[in-house]
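Geometric and topological summary
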Number of protein chains: 2
Amino acid sequence: MRVYLDHAATTPVLEPILKKMLPYFGERFGNASSLHFLGEEAKEALEDARKTIAKYINSEPDEIYFTSGGTESDNIAIIGSSKMSERRHIVTSKIEHEAVIETAKYMQEQNYRVDFISVEENGIINTKELEKKLNEDTLIVSVMLANNEIGTIQPLKEMTKIAKRYGAIVHTDAVQAVGKMKIDVKELGIDMLSASAHKFYGPKGIGFLYIKKSTPVTNIIFGGGHERGMRSGTENVSGAVGMAAAIEFCYEHFCELEEKYKRWRDMILNACNNIEGFKLNGDPDKRVVNTLSLSFSGVNGEALAELLSMNEIAVSTASACSSHSSEKIVSHVLRAINLPQEYAEGTIRVVTGADNTDEQIEYFIEHLKKAVAQLRKMGGTA
Amino acid sequence: MRVYLDHAATTPVLEPILKKMLPYFGERFGNASSLHFLGEEAKEALEDARKTIAKYINSEPDEIYFTSGGTESDNIAIIGSSKMSERRHIVTSKIEHEAVIETAKYMQEQNYRVDFISVEENGIINTKELEKKLNEDTLIVSVMLANNEIGTIQPLKEMTKIAKRYGAIVHTDAVQAVGKMKIDVKELGIDMLSASAHKFYGPKGIGFLYIKKSTPVTNIIFGGGHERGMRSGTENVSGAVGMAAAIEFCYEHFCELEEKYKRWRDMILNACNNIEGFKLNGDPDKRVVNTLSLSFSGVNGEALAELLSMNEIAVSTASACSSHSSEKIVSHVLRAINLPQEYAEGTIRVVTGADNTDEQIEYFIEHLKKAVAQLRKMGGTA
């Protein structure tokens, strides 16, 4: 039995979502910028997708800009707003995704001052520390809504209120939040929000950036002026249609999905709590329900993931996106929450999804218990 | 009968190509950066796609970088190489795609000197003029391989030889060339080449940038370090698989497609040559065989396209990408070839494709003749 428990890395495009995309590869393949009937059909599909997405985050349709994914959205938010302001200070957190951290580092090279604020041991930012860093030179505060490794949700509404007192733009990388928690951009008070379709059962290669009306931000790539100048390049119509169908799926089935995720979370945590030397990382309550970062002392996390993989269970040790850097032994997120080395080295990330079943979770639990015991017997590594 | 003759704007994803993509939405949906079995499957598919693409342009696989499309590829080539050099001069042409022209204008704002070299009346760059503009400060020469409006092919090999004498990088936007002419990057001697899958029967939202080994160019967006640092963001696996299948389709069926395109070109031109006040734009020989820019005096091109559209025939007046700018009356390409205003205003672009049939071309010709006559009778506009 194949058991995929890595839904924070990517998700399958679910059958009904793919079905809605298919016509836009074939019969309705037009370029949304063409003026003839095929172009009009494509344009209509694109604008319908925009409306659907706007509806589920409570924005206006023309505040949604299609991009190639979360990374590009994050880059536009930070680099694009820097081009429109004299301010030279950026605030972000120590547990951001690489798309924000690396962009912030690039801004440092461009002589911007960047503060990477720390988090408490529960993975939540201390808003008092945030306030201390802010000043009249702060261009943007970019803090993720839900963390990709430990799933913790930041107090974004409170942070936005503080940031607004200093006139800073507020951006959130919501790549791991969209589809897993209700999002209301007006309620949050934020200016920009990044999302990526393949994290919520849509296709890879498409994302969006919400930009609140009149936020000073500009494009970072240049061309035909698509997406009202914000993102040139022929519109990915099938991708946009798929992303809209995916966000609709997540929110129209929200209660039923949440119920499943909670059940599976409880099943997994109950089992883990019976294992000695176990720790759940991140705040136990302020988190997206499907994401669990599990640490076992005296076990090597990579060996554990590999043993599970041999039984066709897919989990990860950290985020897929950091797997390019071979130097990293312990993830920057686990370091930021001050997890003792012994636990940090024995960490796996388990993320359930809409396509999982109770049977699969039971299968996983059975193999997890076995694998931890086996590795401990062998001295931690296989 | 629907007749699509706008294959320079976009193409349908052909059934056998889509079929190859489908598993990568569903069962093989893994993140290519994940270390477990699903990640490995995705990674393998991605690398196979890279090998296939490399094969058809005669590069090494690790010289192919996946991007979100032609526009992004062009931006990386120009902006990304500017970051790695002290040189401050850019040479491009007056008939480039907006993705190059607008990027070059952005570089002007960054205090780069940019020369937009002109073309002869046949749409071909005068290599002597190119040489006059070059100097030891020239960072990059970016000239498209085949033009998107009139289809002319530039003498790239000759231009590269000249540019190399000044140590300039040579980039070509080959978005309209890939699949329609044989391409050998080694033979051309170029350093970078941009392509976009949806122009050759692949999906929208994916393209590639060929970068010759050791060409000094760097990334323009920041994140997880995908594509060996050149392009961060979760890899669009289904897109890459589709693009590879598409390039394979074009080159494995090259002779048979070329024969069809030539037949249709001759059918259309024979009919047009019987219409008074007709002009074929661009060099009659040095051109991709499927692209025709047709001008009729005393006719409004937009009215002509609209009349055809009412008969379910899709053609365009200029490129789809320029349709965003409402000010443009005559395209920059037609201005560059000094087409008399009377003809420029009466221009349509007709681009045949793999999915057309003889019957469709006959249907188009019949309606074209009628429409031109009708418009002339009405004084040019409907």
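All of these numbers come straight from a predicted model, not from anything done at the bench.

The rules behind each value
Residues numbered from 1 in each chain as written. Chains lettered and ligands numbered in written order. Predicted model: local features only at pLDDT ≥ 70, side-chain atom pairs only at ≥ 80, totals over all residues. Heavy atoms only, no water. Contact = heavy atoms within 4.5 Å. Buried area = accessible area lost by both parts, 1.4 Å probe. Salt bridge = Lys/Arg side-chain N within 4 Å of Asp/Glu carboxyl O. Pairing = 2+ DSSP bridges. Helix = DSSP H or I, 4+ residues; strand = E, 2+ residues; numbered from the N terminus. Axes fitted to C-alpha atoms, helices over the stretch in contact; angles between N-to-C directions. Buried < 20%, exposed > 50% of the residue type's maximum accessible area, 1.4 Å probe, protein only. Domains from an automatic or database assignment. Polar contact = N/O pair within 3.5 Å; in protein donor to acceptor, adjacent residues only side chain to side chain. Patch = residues over 30% accessible without salt bridge, like charges linked within 9 Å, V, L, I, M, F, W, Y side chains within 5 Å. Areas by Shrake-Rupley, 256 points an atom, 1.4 Å probe, with all protein chains shown as cover. Lys, Arg positive; Asp, Glu negative; His and termini not counted. Charge placed at Lys NZ, Arg CZ, Asp CG, Glu CD. Core = buried A, V, L, I, M, F, W, Y, C linked by side-chain atoms within 4.5 Å. Right-handed = clockwise from strand over helix to strand, strands pointing away. Disulfide = S-S within 2.5 Å.

Observations concerning the interface of chain B and chain A
Listed by partner, the interface residues are 63 residues for chain B and 63 residues for chain A. Buried area between chain B and chain A, both sides added, is near 4,900 Å², and the carbon and sulfur share of it is 64%. By the criterion of area lost to chain A, the three top residues of chain B are F25, F37 and F222 of chain B, representing 15% of everything that side buries. Here chain B is connected to chain A by two salt bridges. Here R2 of chain A ties to E41 of chain B by a salt bridge, and the two come within 2.6 Å at their closest N and O atoms.

With respect to the sheet that holds strand β4 (residues 113-117) of chain B
All names here are of chain B. Taken in spatial order, the seven strands line up as β2-β8-β7-β6-β5-β3-β4 in an open sheet, and their pairing is mixed. Edge positions in the sheet fall to β2 (64-67) and β4, since each has one partner strand and no second. In this sheet, neighbouring strand axes are inclined to one another by 20° on average, regardless of whether the strands run parallel or antiparallel. As paired strands, strand β3 (residues 89-93) and strand β5 (residues 138-142) are joined by four bridges and run parallel to one another. Residue pairing across strands places H89 opposite T138, the latter belonging to β5. Those strands touched by helix α3 (residues 70-82) are β2, β3, β5, β6 (169-173), β7 (192-196) and β8 (207-211), and its axis lies near 160° from that of β7. On top of the sheet, helix α4 (residues 98-109) reaches β3, β4, β5 and β6; it is set at about 150° to β4, its chief contact.

Looking at the side chain of S309 of chain A
Within the secondary structure, S309 of chain A sits in helix α10 (residues 301-310). Note on S309 of chain A: relative accessible area 18%, which makes it buried. Discounting chain neighbours no more than four positions away, the residues touching S309 of chain A are H36 and F37 of chain B.

Some points on the domain arrangement of chain A
Residues and elements named next belong to chain A. Segmentation of chain A into domains returns domain 1 (3-11 + 254-377) and domain 2 (15-251). The straight-line distance from the C-alpha centre of domain 1 to that of domain 2 is 27 Å. Facing the 33 residues of domain 1 at the interface are 34 residues of domain 2. Three residues, T11, F254 and V288, lead the burial of domain 1 against domain 2; their summed loss comes to 23% of the area buried on that side. Scanning the region where domain 1 abuts domain 2 turns up 18 residue pairs in polar contact (both at pLDDT 80 or more). Counting only elements with at least two residues in the side of domain 1 that touches domain 2, the list comes to α9 (254-273), β10 (291-296) and α11 (332-336). When residues of the side of domain 1 that touches domain 2 are assigned to their parent elements, the largest contribution, four residues, is made by α11.

Here we look at the sheet that holds β10 of chain A
Residues and elements named next belong to chain A. The strand order across the open sheet built from three strands is β9-β10-β12, with neighbouring strands paired in antiparallel fashion. Pairing within the sheet leaves two strands with one partner each, and these edge strands are β9 (278-280) and β12 (347-351). Neighbour-to-neighbour, the strand axes of the sheet open up by a mean angle of 25°, direction not taken into account. In this structure, β9 lies alongside β10, joined through three bridges in antiparallel fashion. Residue pairing for β10: K279 is matched across the bridge by S295. Packed onto the sheet, α10 meets β10 and β12 and runs at close to 45° relative to β12.

What about the environment of A168 of chain A?
Residue and element names in this part refer to chain A. Along the chain, the position of A168 falls in the loop between α6 (156-165) and β6 (169-173). C-alpha separation for the pair A168 and S142, spaced 26 residues apart in sequence, amounts to 10.0 Å. For A168, the contacting residues outside a window of four places in its chain are R87, T138, L139, I140, V141, A163 and D191.

Brief notes about unusual backbone geometry
At N58 of chain A, a residue that is not glycine, the phi angle is positive and equals roughly 60°. N58 of chain A gets classed as partly exposed once you look at its relative accessible area, which sits at 33%. Here the phi dihedral of E312 of chain B falls at roughly 60°; this positive angle occurs in a residue that is not glycine. Topologically, E312 of chain B is positioned in the loop between α10 (301-310) and β11 (313-314). In this structure E312 of chain B comes out as partly exposed when scored by relative accessible area, which is 32%.

Overview of a positive patch on the surface
Residues and elements named next belong to chain B. Residues K94, K128, K132 and K133 make up a contiguous surface patch of positive charge. When you line up the elements, K128 lands in helix α5 (residues 127-133). On the basis of relative accessible area, K128 is assigned to the exposed category, the value being 64%.

So, the nonpolar core
Among the nonpolar cores identified, the biggest contains 220 residues, and I183 and F296 of chain A together with I183 and F296 of chain B are the most heavily contacted of them. Those residues within four positions of I183 of chain A in sequence are excluded, and the remaining contacts are Y56, I57, N58, L145, A174, A177, V178, L188, L193 and Y251 of chain A. One finds M107 and Y112 of chain A together with I79 and V100 of chain B within the second-largest nonpolar core, a separate group that totals 46 residues.

What about the side chain of D191 of chain B?
All names here are of chain B. As for its position among the elements, D191 is in the loop between α7 (185-188) and β7. Side-chain polar atoms of D191 contact the backbone nitrogen of V170, separated by 2.7 Å. Discounting residues that sit within four places of it in the chain, D191 has contacts with K164, A168, I169, V170, Y210, I211, K212 and T215.

Here's the deal with the pairing of β3 of chain B
Residue and element names in this part refer to chain B. Of all the five residues making up β3, five are buried; the element is thus mostly covered by neighbouring parts of the structure. Across the two faces of β3 the burial is the same, with H89, V91 and S93 and I90 and T92 all buried. Sheet topology note: the β3/β4 ladder contains five bridges and is parallel. Bridge pairing in β4 places V91 opposite D115. Note that the unit made of β3, α4 and β4 has a crossover that is right-handed.

Some remarks on the state of the cysteines
Residue and element names in this part refer to chain A. Throughout the structure, instances matching the rule amount to zero disulfides over all chains. For C250, which is in no disulfide, the shortest distance to another cysteine sulfur is to C255 and amounts to 13 Å. For C255, a relative accessible area of 59% corresponds to the exposed category.

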